[in-house]
Amino acid sequence: AQSVAQPEDQVNVAEGNPLTVKCTYSVSGNPYLFWYVQYPNRGLQFLLKYITGDNLVKGSYGFEAEFNKSQTSFHLKKPSALVSDSALYFCAVTYLGNTDKLIFGTGTRLQVFP
Amino acid sequence: EAGVVQSPRYKIIEKKQPVAFWCNPISGHNTLYWYLQNLGQGPELLIRYENEEAVDDSQLPKDRFSAERLKGVDSTLKIQPAELGDSAVYLCASSRGTSGDQLDTQYFGPGTRLTVL
């Protein structure tokens, strides 16, 4: 079955430190991977996506993610965290032949402390 | 460019009552999605429209849920009658659409938070 796993319910990091939010996936065929962020009482905002090409994808607000096919991972990273980055982050995957149906992970809450 | 618009933002009803949610997608977006997001979970697709045609409604509980997208623009999602377990956030998203292998990003509205008492 196609699935996405976000193994950490919450990630805590000090402001100014690098952050990583983990995501692993399981799909048949080539994956298409997304990261979204959700602030309280707001919808999901698109951050970045991997379709093909360079494994390192750069997105909004200084975030980037690295596609690792051998480890079936797509971890979200940022070199220097801001308090305003505190939010709920969702990884999602789809695949060739099913490109309209996003499968979301359960989300990871990022808390950045001043 | 305006984003996806949803209304109402919040709705509180008693069980067995009907409820309806409205969505206006981004202009020019042919594909519209309704998602259900339970507390502590990621969104799950309920139904997808390509223009006015529902092309994937396999996850829509058809005994009580219905949706329409007349004229291929705005869409309405209805629940009748509502049950306690329907309390959740209902998200609408839109995209320009897909053609073959092409993949387009889905953009989400702010959602409607439904509470069924």
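These numbers were taken from a predicted model, which means no experiment stands behind them. Position numbers for residues count from 1 along each chain, tracking the sequence in the order it is written. Chain A is the first chain written and ligand 1 is the first ligand written, with later ones labelled in order. The model is predicted, so local features are restricted to residues of pLDDT at least 70 and side-chain atom pairs to those at 80 or more, both for listing and for counting; the totals for chains, interfaces and linings are taken over all residues. Each side-chain value is derived from all of the structure's non-hydrogen atoms; neither hydrogens nor water enter the calculation.

Student: What should I look at first to understand the sheet that holds strand E8 (residues 75-79) of chain B in this one?
Tutor: Residue and element names in this part refer to chain B. By this definition, two strands are paired if DSSP reports at least two bridges between them. Secondary structure elements follow DSSP: runs of H or I of four or more residues count as helices, runs of E of two or more count as strands, with numbering from the N terminus. With antiparallel pairing, 4 strands are arranged side by side in an open sheet as E1-E3-E8-E7. Edge positions in the open sheet fall to strand E1 (5-7) and strand E7 (65-68), since each of these has one partner strand only. When strand polarity is set aside, the average angle formed by the axes of neighbouring strands in this sheet is 15 degrees. In this sheet, E8 lies alongside E7 in antiparallel orientation, the contact comprising 4 bridges. Looking across to E8, one finds that Glu68 is bridged to Thr76. Axis definition: a line fitted to C-alpha atoms, limited for helices to the stretch in contact. Angles are taken between N-to-C directions and run from 0 to 180 degrees.

Student: Please explain the state of the cysteines as it appears in this structure.
Tutor: Here a disulfide denotes one covalent bond, and it connects the sulfur atoms of two cysteines. Residue and element names in this part refer to chain A. In plain terms, two cysteine sulfur atoms within 2.5 Å form what is called a disulfide here. Evaluated as defined, the whole model comprises 2 disulfides over all chains. Here Cys23 pairs with Cys91 through a disulfide, and the sulfurs are 2.0 Å apart. Around the S-S axis, the bridge from Cys23 to Cys91 shows a dihedral of about -65 degrees and counts as left-handed. Placement of Cys23 in the loop between strand E3 (19-21) and strand E4 (24-26) and of Cys91 in strand E10 (residues 87-95) is noted, with a sequence separation of 68 residues between them. Comparing Cys23 with Cys91 shows no difference in burial state: the two are buried. Throughout this description, buried means an accessible area under 20% of the type-specific maximum (1.4 Å probe, protein chains only), exposed means over 50%, and partly exposed covers the range between.

Student: Explain the interface of chain B and chain A to me, please; I cannot follow it from the model alone.
Tutor: Buried accessible area, meaning the area lost when the parts come together, often serves as the stated size of an interface. Two residues form a contact once any of their heavy atoms are found within 4.5 Å. Residue-level contacts link 30 residues of chain B with 21 residues of chain A. Every case where a carboxyl oxygen of Asp or Glu lies within 4 Å of a side-chain nitrogen of Lys or Arg is listed as a salt bridge. Where chain B touches chain A, the interface holds 0 salt bridges. Distance and chemistry together define a polar contact, namely a pair of N or O atoms within 3.5 Å, with one atom able to donate a hydrogen and the other to accept it when in protein, and with adjacent residues in sequence counting only for side-chain atoms on both sides. Our count for the chain B to chain A interface comes out at 3 residue pairs in polar contact (both at pLDDT 80 or more). Elements with a contribution of two residues or more to the side of chain B that touches chain A: strand E4 (31-37), strand E5 (44-50) and strand E10 (107-108) of chain B. Here the residues of the side of chain B that touches chain A sort into 10 nonpolar, 13 polar and 7 charged. Lys, Arg, Asp and Glu make up the charged group, whereas Ala, Val, Leu, Ile, Met, Phe, Trp, Tyr, Cys and Pro make up the nonpolar group; the residues left over, Gly among them, are polar.

Student: What is the right way to look at the environment of Gln59 of chain B in this model?
Tutor: When you line up the elements, Gln59 of chain B lands in the loop between strand E6 (53-56) and E7. Spatially, the C-alpha atom of Gln59 of chain B lies 5.0 Å from that of Leu46 of chain B, the residues being 13 residues apart in sequence. Once residues lying within four places of it in the same chain are set aside, the contact partners of Gln59 of chain B are Lys101 of chain A together with Leu45 and Leu46 of chain B.

Student: What am I meant to see in the pairing of E6 of chain B here?
Tutor: Regular strands show a simple pattern: their side chains alternate between the two faces of the sheet. Residues and elements named next belong to chain B. Where E5 and E6 come together, 3 bridges link them in antiparallel fashion. Bridge pairing in E6 links Glu50 to Glu53. Linking E5 to E6, which pair antiparallel, is a turn of 2 residues; within it Asn51 sits at a positive phi near 55 degrees.

Student: For this particular structure, what's the right way to read the side chain of Gln106 of chain B?
Tutor: As for its placement among the helices and strands, Gln106 of chain B is situated in the loop between strand E9 (88-95) and E10. A polar contact is formed between the side chain of Gln106 of chain B and the side chain of Tyr35 of chain B, at a distance of 2.7 Å. Aside from chain neighbours lying at most four places away, what touches Gln106 of chain B is Tyr36, Asp100 and Leu102 of chain A together with Tyr33, Tyr35, Ala93, Ser94 and Ser95 of chain B.

Student: What exactly am I supposed to notice about unusual backbone geometry here?
Tutor: Excluding glycine, a negative phi dihedral is what most residues carry, and trans is how most peptide bonds are arranged. Residue Pro8 of chain B follows Ser7 of chain B across a cis peptide bond; omega there is -10 degrees. Relative to the assigned elements, Pro8 of chain B resides in the loop between E1 and strand E2 (10-13). Unlike most non-glycine residues, Tyr61 of chain A shows phi in positive territory, near 60 degrees. Mapped onto the elements of the fold, Tyr61 of chain A is located in the loop between strand E7 (56-58) and strand E8 (64-68).

Student: For this particular structure, what's the right way to read the nonpolar core?
Tutor: Nonpolar side chains tend to gather and get buried jointly when the protein is soluble and globular. In this description, a nonpolar core means a group of buried Ala, Val, Leu, Ile, Met, Phe, Trp, Tyr and Cys residues linked to one another through side-chain atoms lying within 4.5 Å. One finds Trp35, Leu47, Leu48, Phe74, Leu76 and Tyr89 of chain A to be the most contacted residues of the largest nonpolar core, which totals 28 residues. Once residues within four sequence positions are removed from consideration, Phe74 of chain A is found in contact with Cys23, Leu33, Phe34, Trp35, Leu48, Lys49, Tyr50, Ala65, Glu66 and Phe67 of chain A. The next biggest cluster of nonpolar side chains, apart from the first, holds 22 residues, and it includes Ile26, Tyr49, Phe65 and Ile79 of chain B.

Student: Just checking my understanding: could you explain the pattern of salt bridges for this structure?
Tutor: It is possible for side chains bearing opposite charge to pair when their charged atoms get close. Residue and element names in this part refer to chain B. Applying the stated criterion to the full structure yields 7 salt bridges over all chains. Two residues, Arg64 and Asp86, come together in a salt bridge whose shortest N-O distance is 2.6 Å. Of this pair, Arg64 sits in the loop between E6 and E7 while Asp86 sits in the loop between E8 and E9, and the two are 22 residues apart along the sequence. Both residues of the pair, Arg64 and Asp86, belong to the buried class. Note that Arg96 is salt-bridged to Asp104, the shortest N-O span being 3.0 Å. In this structure Arg96 comes out as exposed when scored by relative accessible area, which is 56%. Given a relative accessible area of 10%, Asp104 falls into the buried group. Members of the salt-bridge network, linked through shared partners, are Arg64, Glu83 and Asp86.

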